[in-house]
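Overview (structure and organization)
Residue-level listing of the chains:
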Amino acid sequence: MMMRGGPFGGGPIDRSQIPAGPKPVRRVVRLFRPYRGQVAVVAVAILFSSGLGVVNPLLIREVFDNALFTPTGVHVQTLAFLVGLMILIPIITGAIGVLQTYLTNRVGQRVMQDLRNSLYEHLQRMSLRFFTSTRTGEIQSRLANDVGGVQSVVSDTASSILANIVILTSTLVAMLIISWQLTLLSLVLMPLFLVLTVRVGAVRRRIAMETQKSKAEMSAITQETLSVSGILLAKVFDRQKDEIARYRAESQNLADLTVRQQMVGQAFFAMIQTFFSITPALIYLVAGLMISRGGSAAITAGTLVAFTTLQSRLFFPVGQMLQVTVEVQASMALFQRIFEYLDLPVDISDRETARDVPAPTVRGEVRLEHVSFSYVQPNEPPQAATTPPSLVVAEDGHKARAGWRRWALEDINLEVEPGQLAAIVGPSGAGKTTISYLVPRLYDVEQGTVRIDGHDVRDIRMGSLADMVGMVTQESYLFHASVRRNLLYARPDATEEELEAAARAALIHERIIEMAEGYDTVVGERGYRLSGGEKQRLAIARVILKDPRILILDEATSALDTTSERLVQAALRPLMEGRTTIAIAHRLSTILAADVIFVMDRGHLVERGSHAELVRRGGVYARLYHEQFGDGTVEALCQNGVVLSSGQVMETTAAQTAGAAA
Ligand code: ATP
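All values reported here derive from a predicted model rather than from experimental measurement. (Residues numbered from 1 in each chain as written. Predicted model: local features only at pLDDT ≥ 70, side-chain atom pairs only at ≥ 80, totals over all residues. Heavy atoms only, no water.)

1. A few points about the overall build of the protein chain
Along the protein chain, the regular secondary structure elements total 25 helices and 16 strands. A fraction of 80% describes how many contacts in the protein chain between residues 6 or more apart in sequence connect residues 24 or more apart. Carbon and sulfur atoms form 59% of the exposed surface of the protein chain, whose accessible area is close to 32700 Å². (Helix = DSSP H or I, 4+ residues; strand = E, 2+ residues; numbered from the N terminus. Contact = heavy atoms within 4.5 Å. Areas by Shrake-Rupley, 256 points an atom, 1.4 Å probe, with all protein chains shown as cover.)

Here it is, written out as structure tokens:
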């Protein structure tokens, strides 16, 4: 049979993904709770209009038996009265219908709006961990496709179910009143329909789940490959053909699934339609036989016409109910996907006891005490871990817990005094960026404490923490919006003068006013219409505007040309002034200027001290320094406004080292 799975199953279906049971249903019903009043009005309207529907067939019987074909001829008065009623009732029903449609749509849209908003709000509260492990396209798809997919169910299903139940019961009651024998005959195939409905629904639900997965996949592919970075990568590596093939394959899969989704149940509906079309004929036959045997004098012409009219009224609700159950089951799959996201725990949020630290009182002392952190959470199953166990052990012999877990940071102790510039250096993957994430609580430490001015960062309200800590990251993210809007993102209430002052300090003002529309020039998505250096300076201006007490600076590893580099360096100087700065340093100038350098290696803090001390020690830092800067690499170094060549830098360093040694 069609619902056996064969023609629908593109492959094995992961049954664990298929939601079942009343739980999601109850949750969906709960979504309507705030609109109880309106729902009640709709229910009354439905009861009234659907109930009125049976009156017309009964009137037909009256017209036939008591007005048109009476033993005493036509009763004009009765006829006029009945006809009047027959005209009035549909008008009333129609008017109620309009009100009901308006209310159901309104409630439906409100529920959708609530669902969308709470999903977006919840996603906004998710920590970085969620976003680094989930594809953007997948997230977008849940918000757009899944929420969009339940729209029809939310906006008309509930009322449709109620209306159909009322129509069905009132019609059945009227039919039973007219003739119970004929009613039984009409209902003989009902159980078969019920069984089929349940089965068709299950198949549809499974296909719906697969369709949504496929849509999410399409959305992820589009997002990954049609973004500026994605298209750049594809073009540079000449992978466009493969990307097209990947897209085509998924597109085909989606098309097939959609056809299957549309087709499942169609044969079934056709069957019902046929049944309903032929039953009046059967009724005439059976009624004729009953009358000819003289067994049932009660069956008059009026009765027959009224009965078949009532029966035809059954078709629509039965068909709809079947369709609705199938749709509801399919939508449950979507609701499940939405609830799945809504149920994701928010791992970083304000503690109840968290409080604000007023900005002017912040001194800016940062301290890490016995801090350990792992990107893999303790309760995460091994297969979800970003690094497979075998790799972890084979890669570098890191300490691994339970065979697969490893620390990105282990037992780190460091302190940065207010106003100091601290440079964190170390080989790639040492954990430098990770440290920078822990201070503004983008991740929470697993052991130990991060303190600002002695307060555990988890005891500071997140809004207050965000005010204290500013970040300039390697990749400066800009919105596809005007320069002004991008800058104001840091402080929406900043005045025009403050905006300009920040831009001047970051040495980007001149460049901005050169642009076609000055501060109103729209920078392309992620600022692709600006050069790397300009983007960085804009990002620096943004942080200057925010004016945080603590600055986290992840220096770009990608080299800019000498002029841009010098501009960025010069822009950074006023930013660092008077603030505690923790810099993930890749530039010699920063390292030399640092009050303290922390050297990281494989998640451990291995050395600390000034540049000169560390070079003298001849450890990890000295090796790193010679590898990076001692091989004749030219780095434009802007120190006290003087540009030094790498040779001069080496000389300066040698002099500093000698000085420190003495
Ligand atoms: P680089 O100089 O190359 O940027 P880094 O010193 O900043 O390196 P981190 O980014 O802090 O290094 O990474 C430390 C370790 O944690 C690395 O081994 C890295 O692979 C791992 N790691 C970083 N981010 C994640 C993540 N989101 N999920 C899992 N592991 C991660």
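Picking up after the structure, the text goes on.
2. A closer look at a nonpolar patch on the surface
On the surface, Leu226, Val228, Ile231, Leu232, Leu233, Val236 and Phe237 cluster together into a nonpolar patch covering about 680 Å² of accessible area. With respect to the helices, strands and loops of the structure, leucine 232 is situated in helix α10 (residues 228-236). (Patch = residues over 30% accessible without salt bridge, like charges linked within 9 Å, V, L, I, M, F, W, Y side chains within 5 Å. Salt bridge = Lys/Arg side-chain N within 4 Å of Asp/Glu carboxyl O.)

3. With respect to the site of the ligand
Around the ligand, the surrounding shell holds 14 residues, and the nearest of these are Arg406, Ser428, Lys432, Thr433 and Thr434. Interatomic distance of 3.0 Å between a backbone N/O atom of alanine 430 and an oxygen atom of the ligand. Lysine 432 places a polar side-chain atom, nitrogen or oxygen, 2.8 Å from an oxygen atom of the ligand. For the ligand, whose free accessible area comes to 630 Å², the fraction covered by protein is 68%. The class makeup of the residues in the shell around the ligand is 5 nonpolar, 7 polar and 2 charged. (Near = heavy atom within 4 Å. Polar contact = N/O pair within 3.5 Å; in protein donor to acceptor, adjacent residues only side chain to side chain. Nonpolar A, V, L, I, M, F, W, Y, C, P; charged D, E, K, R; others polar.)

4. Let's talk about the nonpolar core
As a rule of thumb, soluble globular proteins bury nonpolar side chains together. Within the largest apolar cluster, 47 residues are counted, with the highest numbers of intra-cluster contacts made by Ile540, Ile597 and Tyr621. Here this core takes 6 residues from helix α20 (residues 532-546), the largest share from any one element. Dropping the residues within four chain positions of it, tyrosine 621 is found in contact with Val425, Ile591, Ile597, Val599, Glu607, His611, Leu614 and Val615. Formed by 32 residues, the second largest nonpolar core is a distinct cluster that contains Ala430, Leu438, Ile460 and Phe598. (Core = buried A, V, L, I, M, F, W, Y, C linked by side-chain atoms within 4.5 Å. Buried < 20%, exposed > 50% of the residue type's maximum accessible area, 1.4 Å probe, protein only.)

5. Here's the deal with the confidence of the model for the protein chain
Averaged over every residue, the pLDDT of the protein chain is 79; residues scoring 70 or more account for 85%. Across residues 1-22, confidence stays below pLDDT 50; counting only partners more than four residues off in sequence or on other chains, it has 32 contacts. Segment residues 381-403 is flagged for pLDDT under 50; beyond a separation of four residues in sequence, or across chains, it makes 30 contacts in the model. (pLDDT = per-residue confidence, 0-100.)

6. A word on α20
The first and last C-alpha atoms of α20 sit 21 Å apart over 15 residues, in line with the 21 Å expected at 1.5 Å per residue. Within α20, 13 of the 15 residues are buried, which leaves it mostly tucked inside the rest of the structure. Following α20 by one or two positions, aspartate 547 adopts a phi angle in the positive range, close to 55°. (Expected span 1.5 Å × (residues − 1).)

7. As for the pairing of strand β12 (residues 580-584)
In terms of burial, β12 is largely enclosed, as 5 of its 5 residues are buried. A two-sided burial pattern is seen for β12, the buried positions comprising Thr580, Ile582 and Ile584 on one face and Thr581 and Ala583 on the other. For strand β5 (residues 421-425) and β12, the ladder comprises 4 bridges, and the chain directions are parallel. Paired with alanine 423 across the bridge in β12 is alanine 583. Bridging between strand β11 (residues 550-554) and β12 involves 5 bridges; their strand directions are parallel. In the sheet register, leucine 553 faces β12, and the bridge partner there is alanine 583. (Pairing = 2+ DSSP bridges.)

8. Side note on the sheet that holds strand β8 (residues 469-472)
A sheet is described by the order of its strands in space; here 6 strands give the open sequence β8-β11-β12-β5-β13-β14, paired in mixed fashion. Of all the strands in the sheet, just β8 and β14 (604-609) have a single pairing partner and so form its edges. For this sheet, the mean angle separating the axes of adjacent strands, direction not counted, is 20°. Here α20 sits on the sheet and contacts β8 and β11; the angle it forms with β8, its principal contact strand, is near 175°. (Axes fitted to C-alpha atoms, helices over the stretch in contact; angles between N-to-C directions.)

9. Things to note about a positive patch on the surface
Together, Arg26, Arg30, Arg33 and Arg36 give the surface a local cluster of positive charge. With respect to the secondary-structure elements, arginine 30 resides in helix α1 (residues 23-31). (Lys, Arg positive; Asp, Glu negative; His and termini not counted. Charge placed at Lys NZ, Arg CZ, Asp CG, Glu CD.)

10. Here we look at the sheet that holds strand β4 (residues 409-416)
Here we have 4 strands laid out as an open sheet, ordered β4-β1-β6-β7, and antiparallel in their pairing. Only two strands of the sheet have a single partner each, and these edge strands are β4 and β7 (455-456). Across 2 bridges, strand β6 (residues 447-452) lies against β7 in antiparallel orientation. For arginine 451, the partnering residue across the bridge sits in β7 and is aspartate 456.

11. Looking at the packing of aromatic side chains
Tallying each qualifying case throughout the model produces 11 aromatic pairs. Every member of this aromatic cluster is reached through a ring pair, and the members are Phe373, Tyr375, Tyr437 and Tyr443. One Lys or Arg, arginine 27, reaches over the ring of phenylalanine 339 and ends 4.1 Å from the middle of that ring. (Phe/Tyr/Trp six-rings, centres within 6.5 Å; stacked < 30°, edge-to-face > 60°. Lys NZ or Arg CZ within 6 Å of the ring centre and 35° of its normal.)

12. Thoughts on the packing of helix α7 (residues 151-178) against helix α8 (residues 180-187)
Two numbers describe how α7 lies on α8: the axes approach to 6 Å, and their chain directions differ by 135°. The angle between α7 and α8 places the two elements in the oblique class. Here α7 contributes Leu172, Met175, Leu176 and Ile178 to the contact with α8, which in turn contributes Trp180, Thr183, Ser186 and Leu187. Within the contact of α7 with α8, the residues separate by chemical class into 6 nonpolar, 2 polar and no charged. (Parallel < 35°, antiparallel > 145°, perpendicular 65-115°, else oblique.)

13. Some words on helix α6 (residues 136-149)
Here α6 contains 14 residues, and its C-alpha end-to-end distance of 19 Å stays within 8% of the 20 Å for a straight helix at 1.5 Å per residue. The largest bend in α6 comes to about 30°, at arginine 142. Regarding α6, the residues found buried are Gly137, Glu138, Ile139, Ser141, Arg142, Asp146 and Val147. Contacts from the buried residues of α6 go to α4 (76-125), α5 (128-133), α7, α9 (190-225) and α13 (301-342). (Bend = angle between axes of the 7 residues up to and from the residue.)

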